[in-house]
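What follows is each chain in one-letter form.
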Amino acid sequence: MLYFGSFDPVHNGHIALAEYVVEHDLADEVVLIVSPQSPYKQGALPASEVERFEMTEIACAASKYPGRIKPSAIEFLLPRPSYTIDTLHHLEEICGNEMEFSILMGGDQIAALDGWKEYEKVLDYPIYVYPRRGERAERYLDRITLLTDAPLQDFSSTQVRAAIERGDDTSQMLAPGVAEYIRSKGLWSPAHRMTALNGALSSNPENTALLLERGKRHYRMNEWGAALNDFNAILRLDPENEEARQYTEMIQEILTFRYKDIYNP
């Protein structure tokens, strides 16, 4: 069973689902396919491919069934952008005579499946859909298998990253080895993230999503000038960006209040 994801980072919810598949004999093996940058998440800035794969490797090895839950970097070797149907075709070509493939995905993914490349062909494969809290899978019910009793993921990778940045306890979210890897690499620390943002923006200076994130970080660190530069850059590229406009107004109010003697000698 193929479990596609960015795994940025892989967390205990991912592994719990893989263990569920093994324990219910839904597949001989579960393979966590670590995806490159998603074509549907152009603004995202993930950890490096190697880092995400190594964290997934650590988590799989620490699972209850390390012989049956494994990571794969196959999509790193295929043409970009990466699409599920292309990966499936590639796997069929190289080992289709020896294996049968199925797919594990969340209810939110099946709801948006018609936006995927050649999604009708993806539906030709057995698809197992696990629940998302507060969401119900309502599409393609005649072509999928709902895992209604699969463990719910109570947190996302986005929430894990935010917890790390705040310095919160993540022991319930991450395998100890993954948590140690993150600490050793400094992943998602404020300094590490700012370095990553600066590097990404040096090669893609008009990416408004990254400019917005960097501007917010400058804002939280009271670096008003740098923050204002980023928000103004966004407004030059996208004059209708309401969030950047609001931050710009807040900074201007802060500067006016703090340095009112400059304006009122």
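So, a few notes on the structure that sits alongside this text. (Residues numbered from 1 in each chain as written. Predicted model: local features only at pLDDT ≥ 70, side-chain atom pairs only at ≥ 80, totals over all residues. Heavy atoms only, no water.)

### Structural notes on the pairing of strand 5 (residues 127-130)
- With burial as the criterion, each face of strand 5 is covered, one bearing Ile127 and Val129 and the other bearing Tyr128 and Tyr130.
- In the sheet, strand 4 (residues 103-106) pairs with strand 5 via four bridges, with the strands oriented parallel. Within strand 5, the position partnered with Met105 by the bridge is Val129. (Buried < 20%, exposed > 50% of the residue type's maximum accessible area, 1.4 Å probe, protein only. Helix = DSSP H or I, 4+ residues; strand = E, 2+ residues; numbered from the N terminus. Pairing = 2+ DSSP bridges.)

### Points about the sheet that holds strand 2 (residues 30-34)
- Here we have six strands laid out as an open sheet, ordered 3-2-1-4-5-6, and parallel in their pairing. The open sheet has two edge strands with one neighbour each: strand 3 (69-72) and strand 6 (145-146).
- Looking at chain direction, strand 2 and strand 3 are connected through four bridges and run parallel. When the bridges of strand 3 are listed, Val31 appears paired with Lys70.
- Across the sheet, helix 3 (residues 84-95) touches strand 1 (2-5), strand 2 and strand 4, and the angle it forms with strand 1 is around 145°. (Contact = heavy atoms within 4.5 Å. Axes fitted to C-alpha atoms, helices over the stretch in contact; angles between N-to-C directions.)

### Description of the packing of aromatic side chains
- A full pass over the atoms with the stated rule returns six aromatic pairs.
- With centroids separated by 6.0 Å and ring planes inclined at 75°, the aromatic side chains of Tyr3 and Tyr130 adopt a geometry described as edge-to-face. Remark: Tyr130 occurs in strand 5 and Tyr3 occurs in strand 1; sequence separation between them is 127 residues.
- Overall, Tyr3 belongs to the buried group, its relative accessible area being 2%.
- Taken together, the ring pairs connect Tyr219, Trp224, Phe231 and Tyr247 into an aromatic cluster. (Phe/Tyr/Trp six-rings, centres within 6.5 Å; stacked < 30°, edge-to-face > 60°.)

### Considerations on the nonpolar core
- One finds Leu32 and Leu104 to be the most contacted residues of the largest nonpolar core, which totals 39 residues.
- Every element with two or more residues in this core is listed here: helix 1 (12-23), strand 2, helix 2 (49-61), strand 5, helix 6 (157-166) and helix 7 (176-185).
- Broken down by element, this core gets its largest block of residues, six residues, from helix 1.
- Once residues within four sequence positions are removed from consideration, Leu32 is found in contact with Tyr3, Phe7, Val10, Ile15, Ala18, Thr56, Cys60, Ile69, Lys70, Pro71 and Ser72. (Core = buried A, V, L, I, M, F, W, Y, C linked by side-chain atoms within 4.5 Å.)

### A closer look at the side chain of Arg217
- By secondary structure assignment, the location of Arg217 is in helix 9 (residues 208-220).
- A relative accessible area of 7% places Arg217 in the buried class.
- Setting aside residues no more than four positions away along its own chain, Arg217 makes contact with Glu165, Pro190, Arg193, Met194 and Leu197.

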